[in-house]
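Each chain is listed here by its residues.
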Amino acid sequence: MANGQANDQAGARAGAQANGQWYPPEWPDRIRALAAGDLTPVTPKRAATVMLLKDAGTGTAVHMLRRRTSMAFAGGAYAYPGGGVDPRDDDRVIGWAGPTRAWWADRLGVDEAGAQAIVCAAVRETYEEAGVLLAGPTGDSVVGDTTGADWEADRAALVGRELSFAEFLDRRGLVLRSDLLGAWARWITPEFESRRYDTWFFVAALPEGQRTRNASTEADRAVWVTPAEAAAGYDKGELLMMPPTIATLRALAACGTAAEALASAPGRDMTPVLARARLVGGEIVLSWPGHDEFTKHVPSTDTAAPSGPASATPSDPTGGASA
C-alpha cells in the first residue's frame, strides 16, 4: 500500500512511540554514512496514494487503512490506499477523461508518459485496496457495482501484476476519470533510506453508487474518519501514522466538504518534501522542510531508537503512501 512502501526494511525493528511516531533504529548510522560520503542514495521509485473522501454528518471523512500488526514495517499504522507505479502504464493509449496528460505532466512535475502512469497508479491502487474504481464507460460516468466474481478476478490479476491497469481499462472498455482526482502533495523518502519512493498524494471523492471495502492483504481494518479526529488520535498517541499521513490530514482538516478539498487541490504546492539530515556538533538534526513538528535532534553516537517519525512517504508508496 502507499500511504503505507517507503521503508519496509528500515522499520523492521522499530517500535511505536508514545507520541504515535516511528523511528527506525538504523537511521543514525545511515545518516552518518551519508554525511561521510560512504552511502550513495538510491533512486526513488514512483508511487501514488489517494485520500478518498466523502461528506458525513460531522464533516468530510477520509478512508484509511490500518496496516496489519504482523507487518515488518509500521505494523498498526494508519495510511491511505496506494502503491508503486507500473511502468507498463507509461505510454499505452488508454481511454482518458479530464485534464490532458500535458496538464497533468505540468502539475506533477514529470513528462506526459510519467503523468499517465502516476495517475493510473492512483486509480488502480484505489480499486485494488478499497474496491473503488474512478473510471466509467464514458468520460462523464463511473461504474456501479464492482463486487461480482468477474470484477474480483480482474482485481486479483491487477494485484498480482498479471494485468496492467491500461490493459484492464482496454479489456473493460473503460475511460479513466482523471477529472475525479486532485493532486495534493508530493513526498520523497529520505536519501539515507535503502528503499526510496517518490510519492504523489491525491484527493478524490467517493463516486455515487460505489462503496469502499478493505480489499488489501496488508490491512486489517478500514475506517472512515474525519481528518480532525484522526489527527487528534495521532496527537494523543492513539493512532500511529507516518509524517506524510499526519501532514496531509492536518491540511485536509481545513476543508469542510469533499468538493471543497477537490476545488482547493489545484492551488496546492507540489514541491517535493524531502527530509534533510545534517550533523551539528554532537547531534544529528533531522528535519522535513515546512513541517517543523517532525524535526528531531538525535545524539550522533546514539544507535538506539529515539522517538520520532519513521518516513517521509507512506509505508507502502502509499504513506504511506506513502507514507
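Here, the structure is the one placed above.
Residues numbered from 1 in each chain as written. Predicted model: local features only at pLDDT ≥ 70, side-chain atom pairs only at ≥ 80, totals over all residues. Heavy atoms only, no water.

Asker: Sorry if this is basic, but what is going on with the overall build of the chain here?
Answerer: Along the backbone of the chain there are eight helices and 14 strands. Total accessible area on the chain stands at roughly 12200 Å², and carbon and sulfur atoms take up 49% of it. (Helix = DSSP H or I, 4+ residues; strand = E, 2+ residues; numbered from the N terminus. Areas by Shrake-Rupley, 256 points an atom, 1.4 Å probe, with all protein chains shown as cover.)

Asker: What am I meant to see in the packing of aromatic side chains here?
Answerer: A ring pair, where both rings are aromatic, is described by two values, the distance of the centres and the angle of the planes. Within the structure shown, the criterion is met by eight aromatic pairs. Ring centres of Trp288 and Phe294 lie 6.1 Å apart, and the angle between their planes is 75°; on these two criteria the pair is classed as edge-to-face. Judged by its relative accessible area of 1%, Trp288 falls in the buried class. With relative accessibility at 0%, the residue Phe294 sits in the buried group. Among the aromatic side chains, those forming a connected cluster through ring pairs are Tyr127, Trp151, Phe165 and Phe168. One residue, Arg172, lies across the ring of Trp151, its end atom 3.8 Å from the ring centre. (Phe/Tyr/Trp six-rings, centres within 6.5 Å; stacked < 30°, edge-to-face > 60°. Buried < 20%, exposed > 50% of the residue type's maximum accessible area, 1.4 Å probe, protein only. Lys NZ or Arg CZ within 6 Å of the ring centre and 35° of its normal.)

Asker: What's the story with the sheet that holds strand β5 (residues 95–97) in this structure? I'm lost.
Answerer: Hydrogen bonds between backbone atoms are what pair the strands of a sheet, whose relative direction is either parallel or antiparallel. One open sheet holds the three strands; their spatial order is β5-β7-β6, and the pairing between them is mixed. Two strands bound the open sheet, and with one partner strand each, they are β5 and β6 (135–136). (Pairing = 2+ DSSP bridges.)

Asker: Sorry, what's going on with the sheet that holds strand β12 (residues 276–280) here?
Answerer: Strand order in the open sheet formed by three strands is β12-β13-β14, with antiparallel pairing between adjacent strands. On the outer flanks of this sheet lie β12 and β14 (291–299), each paired with one strand and no other. Across the sheet, the mean angle separating the axes of adjacent strands is 20° when strand polarity is ignored. Pairing of β12 with strand β13 (residues 283–288), which is carried by five bridges, proceeds in the antiparallel orientation. Bridging across to β13, Arg276 finds its partner in Ser287. Strands in contact with helix α1 (residues 27–35) are β12, β13 and β14; relative to β13, the strand with the most contacts, it is inclined by about 95°. The strands touched by helix α7 (residues 243–252) within the sheet are β13 and β14, with β14 carrying the most contacts at an inclination of about 155°. (Axes fitted to C-alpha atoms, helices over the stretch in contact; angles between N-to-C directions. Contact = heavy atoms within 4.5 Å.)

Asker: I would appreciate a short explanation of the packing of helix α6 (residues 227–235) against α7 in the present structure.
Answerer: Each packed pair of helices is defined by two parameters, the angle between the axes and the distance between the axes. The N-to-C vectors of α6 and α7 enclose an angle of 140°; their axes lie 8 Å apart at closest approach. In terms of orientation, α6 and α7 fall into the oblique class. α6 and α7 meet at a crossing whose hand is left-handed. In this structure, α6 contributes Pro227, Ala230, Ala231, Tyr234 and Asp235 to the contact, and α7 contributes Ile246, Leu249, Arg250 and Leu252. (Parallel < 35°, antiparallel > 145°, perpendicular 65-115°, else oblique. Left-handed = near helix turned anticlockwise from the far one by under 90°.)

Asker: Whenever I open this one, unusual backbone geometry confuses me. Can you help?
Answerer: One can expect most non-glycine residues to show negative phi and most peptide bonds to be in trans. Despite not being glycine, Arg161 has its phi angle at roughly 60°, a positive value. Turning to its location among the elements, Arg161 is positioned in the loop between α4 (149–159) and α5 (165–172). Since its relative accessible area comes to 33%, Arg161 is described here as partly exposed.

Asker: Would you explain the pairing of strand β1 (residues 45–56) in this entry?
Answerer: On a regular strand, one side chain projects to one face of the sheet and the next to the other, so that they alternate. Here β1 runs beside strand β9 (residues 197–205); their pairing, made up of nine bridges, is parallel. Within β9, the position partnered with Ala47 by the bridge is Thr199. With three bridges joining them, β1 and strand β4 (residues 82–84) adopt antiparallel strand pairing. Paired with Ala48 across the bridge in β4 is Gly83.

Asker: Sorry if this is basic, but what is going on with the side chain of Glu125 here?
Answerer: With respect to the element layout, Glu125 can be found in helix α3 (residues 112–130). Beyond its immediate chain neighbours, meaning those up to four positions away, Glu125 contacts Pro81, Gly82, Gly83, Gly84, Ala130 and Arg161.

Asker: Just checking my understanding: could you explain the environment of Ser164 for this structure?
Answerer: Its place among the elements puts Ser164 in the loop between α4 and α5. Put simply, Ser164 and Arg88 are 76 residues apart on the chain and 6.4 Å apart in space, counted from C-alpha to C-alpha. Those residues within four positions of Ser164 in sequence are excluded, and the remaining contacts are Asp86, Arg88, Asp89 and Leu158.

Asker: What is the right way to look at the pairing of strand β8 (residues 181–188) in this model?
Answerer: In terms of burial, β8 is largely enclosed, as eight of its eight residues are buried. In the sheet, β8 pairs with β9 via seven bridges, with the strands oriented antiparallel. Looking across to β9, one finds that Arg186 is bridged to Trp200.

Asker: Could you clarify how one ought to interpret the pattern of salt bridges in this entry?
Answerer: In a structure, side chains of opposite charge can pair up when their charged atoms sit close to one another. Scanning all chains against the criterion turns up 18 salt bridges. Note that Glu167 and Arg92 form a salt bridge whose closest N and O atoms lie 3.7 Å from each other. Taken together, the positions of Glu167 in helix α5 and Arg92 in the loop between β4 and β5 put the pair 75 residues apart, joining distant regions of the chain. Owing to a relative accessible area of 29%, Glu167 belongs among the partly exposed residues under this scheme. Glu128 is paired through a salt bridge with Arg124; the nearest N and O atoms lie 3.1 Å apart. (Salt bridge = Lys/Arg side-chain N within 4 Å of Asp/Glu carboxyl O.)

Read these as layout, nothing more, since geometry by itself doesn't imply function.
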